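The residues making up each chain are set out below.
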Amino acid sequence: MTEAILLVGGKGTRLRPLTVHTPKPMVPAAGVPFLTHQLARARAAGVEHIVLATSYLAEVFEPHFGDGSALGLRIEYVTEEEPLGTGGAIRNAASRLHSGPDEPVLVFNGDILTGLDIRALVRTHETSGADVSLHLTQVTDPRAYGLVPTDGTGRVLAFLEKPQTPEEIVTDQINAGAYVFRRSVIDTIPAGRVVSVERETFPGLLAAGAHLQGMVDSTYWLDLGTPAAFVRGSADLVLGKAPSPAVPGRCGDRLVLPTARVAPDAKLAGGTVVGEGAFVAEGARVFGSTILPGAVIESGAVVTDSLIGTRARVGERAVLTGTVIGDGAVVGAHNELREGVRVWCDATIPAGAVRFSSDR
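Basis of the calculations
- Residues numbered from 1 in each chain as written.
- Predicted model: local features only at pLDDT ≥ 70, side-chain atom pairs only at ≥ 80, totals over all residues.
- Heavy atoms only, no water.
- Core = buried A, V, L, I, M, F, W, Y, C linked by side-chain atoms within 4.5 Å.
- Buried < 20%, exposed > 50% of the residue type's maximum accessible area, 1.4 Å probe, protein only.
- Helix = DSSP H or I, 4+ residues; strand = E, 2+ residues; numbered from the N terminus.
- Contact = heavy atoms within 4.5 Å.
- Polar contact = N/O pair within 3.5 Å; in protein donor to acceptor, adjacent residues only side chain to side chain.
- Pairing = 2+ DSSP bridges.
- Expected span 1.5 Å × (residues − 1).
- 1 Å grid on protein atoms, 1.4 Å probe; cavity = no way out; pocket = protein on both sides within 12 Å on 5 of 7 lines; lining within 4 Å.
- Points joined across faces, edges and corners; volume = space filled by probe spheres on them.
- Axes fitted to C-alpha atoms, helices over the stretch in contact; angles between N-to-C directions.
- Nonpolar A, V, L, I, M, F, W, Y, C, P; charged D, E, K, R; others polar.

*Asks:* Teacher, can you tell me more about the nonpolar core here?
*Replies:* Across soluble globular proteins, nonpolar side chains have a tendency to be buried as a group. Among the nonpolar cores identified, the biggest contains 28 residues, and Ile5, Ile90, Val132, Phe181 and Phe202 are the most heavily contacted of them. Those elements that place two or more of their residues in this core are β1 (3–7), β4 (49–54), α3 (85–93), β6 (104–109), β8 (132–138), β9 (173–182), α5 (183–186) and α6 (197–207). The residues touching Ile90, leaving out its near neighbours within four places in the chain, are Ile5, Leu7, Val107, Phe181, Ile186, Ile189 and Val197. Counting residues in hydrophobic clusters, the runner-up holds 26 residues, among them Ala42, Ala45, Phe61 and Leu73.

So this is what it looks like as structure tokens:
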């Protein structure tokens, strides 16, 4: 296997305001665009040629990654004029593939952080003779996912929508968003229209008698679709819990990029990232958070499990927990923001305007 399609066209609506100006795969995680981690892991598994299936803010990708040579890859870009869904995106990108009809092509989603053994998935595909092989992962609570039961040999038996009752939970295995396709199978996906690979392509192949093989891999897996998950994923990359050859530094409690400035008595921990040109002032405490380039954390502020956007500012003694601050936003001094709060890009919260405790 030397080719792959990477699906990076989604709008990332669940991640807004992070994705107002930046496509989801380009939001920095552990100091580099998240997509860099995926590309580096694919290259480490032997992939040489990757087609990026782009749509939303498509113009951002090529200026950053170019032809891929800096990563040891050959990257091509295909842009959908209108979103085509996961299956439609795969079909749309297939024109740039060079694999023969029976050769394997890796396909993976652009918002999954995983420690998947890619080579093992390809081996499973080849030894089983499957038409499509799927990475499956096991989750504690599968109610939010589509279920993929398999038989004793790993052959997929069904694709079940999100279960509504305990009786419908027949397995804890879910589709983890990485596949190996036989090249000829990709050509059977209808061209030029919206197609969901999860809801249409896979069930259709199964109904037609195709061989779909599942491989359960219990290594690290995280869907980065929500702000909380994205912040956690970035921290796990820094801590070394999630593997990536693209982390720009040694794994540990903190990652401070070269042009960032951190006051000597500021405290950083929990996989915190301080981006290029950012500043963390004296007495500030930042735990498990991502501070994007050019952002400022003023003195005495406490930031926990949060993401602070590019050029945003957190005022003196502000307390942020589980929040997302958009690019260019300003959180004034002495504010308290708690779980789930999203401050939009370029918004300003005056000093002391939002509190959960007394001001005394």
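The rest of the description comes next.
*Asks:* Please explain the side chain of Gln213 as it appears in this structure.
*Replies:* Turning to its location among the elements, Gln213 is positioned in strand β10 (residues 212–216). A residue is classified by how much of its surface remains accessible, and Gln213, at 7% relative accessible area, is buried. A distance of 2.7 Å separates the side chain of Gln213 from the backbone oxygen of Thr153, its partner in a polar contact. For Gln213, the contacting residues outside a window of four places in its chain are Thr124, Ser128, Ala130, Val132, Ser133, Leu134, Thr153, Gly154, Arg155 and Val156.

*Asks:* Please explain the sheet that holds strand β24 (residues 324–325) as it appears in this structure.
*Replies:* Across a sheet, paired strands are connected by hydrogen bonds in the backbone, their directions being either parallel or antiparallel. Across the sheet, which stays open at both edges, the six strands sit in the order β12-β15-β18-β21-β24-β27 with parallel pairing between neighbours. Across the chains shown, the open sheet's two edge strands, defined by having one partner strand only, are β12 (254–256) and β27 (342–343).

*Asks:* Explanation requested: the pairing of β10 in the structure shown.
*Replies:* Remark: a regular strand shows side chains that alternate across the two faces of the sheet. When you tally the buried positions in β10, you get four out of five residues, the bulk of the element. Where β8 lies against β10, five bridges are found, and the strand directions are parallel. Each residue of the ladder has a partner; that of Leu134, found in β10, is Gly214.

*Asks:* I tried to follow helix α7 (residues 227–239) on my own but got confused; where do I start?
*Replies:* Since the α-helix advances by 3.6 residues per turn, residues separated by three or four positions end up pointing in the same direction. For α7, spanning 13 residues, the distance from its first C-alpha to its last is 18 Å, which sits close to the expected 18 Å at 1.5 Å a residue. Here α7 lies mainly inside the structure; ten of its 13 residues are buried. Those residues of α7 that sit buried are Pro227, Ala229, Phe230, Val231, Gly233, Ser234, Ala235, Asp236, Leu237 and Val238. Phi for Gly240, located one or two positions after α7, is positive at around 90°.

*Asks:* What am I meant to see in the layout of surface pockets here?
*Replies:* If a probe as big as a water molecule is rolled over the atoms, it shows which places are left empty. Put simply, the largest pocket is a space of about 1,300 Å³. For the largest pocket, the lining is made up of 44 residues, of which Thr86, Asn109, Asp111, Glu198 and Arg199 are closest to its centre. Secondary structure elements with two or more residues in the lining of the largest pocket: α3, β9, α6 and β11 (221–223). Considering every element that reaches the lining of the largest pocket, the biggest residue donor is β9, with five residues. In this structure, the second largest pocket encloses a volume near 270 Å³.

*Asks:* Would you mind showing me how to read unusual backbone geometry here?
*Replies:* Most peptide bonds take the trans form, and the phi angle of most residues other than glycine is negative. With an omega dihedral of 10°, the bond running from Arg16 to Pro17 counts as a cis peptide bond. Looking at the element boundaries, Pro17 is found in the loop between β1 and β2 (28–29). One non-glycine residue, Ala30, lies in positive phi territory at about 55°. Mapped onto the elements, Ala30 comes out in the loop between β2 and β3 (32–33).

*Asks:* Could you clarify how one ought to interpret the sheet that holds strand β5 (residues 74–79) in this entry?
*Replies:* Ordered in space as β5-β4-β1-β6-β9-β8-β10, the seven strands form an open sheet in which the pairing is mixed. Where the open sheet ends on each side, the last strands, each with one partner, are β5 and β10. Neighbour to neighbour, the strand axes of the sheet diverge by 25° on average, direction disregarded. Here β1 runs beside β4; their pairing, made up of five bridges, is parallel. For Leu7, the partnering residue across the bridge sits in β4 and is Ala53. Relative to the sheet, helix α1 (residues 34–44) contacts β1, β4, β5 and β6, its axis offset from that of β4 by approximately 150°.

*Asks:* Help me out: how do you make sense of empty space enclosed by the protein in this one?
*Replies:* The full count for this structure, using the stated rule, is one cavity of 30 Å³ or more. In this structure, the largest cavity encloses a volume near 170 Å³. Looking at the largest cavity, it is lined by 18 residues, and the ones nearest its centre are Gln38, Arg41, Phe108, Ile112 and Thr114. Among the elements of the structure, α1, β6, β7 (112–114) and β9 are those that each provide at least two residues to the lining of the largest cavity. The dominant element in the lining of the largest cavity, judged by the number of residues it contributes, is α1, at five residues. Here the residues of the lining of the largest cavity sort into eleven nonpolar, six polar and one charged.

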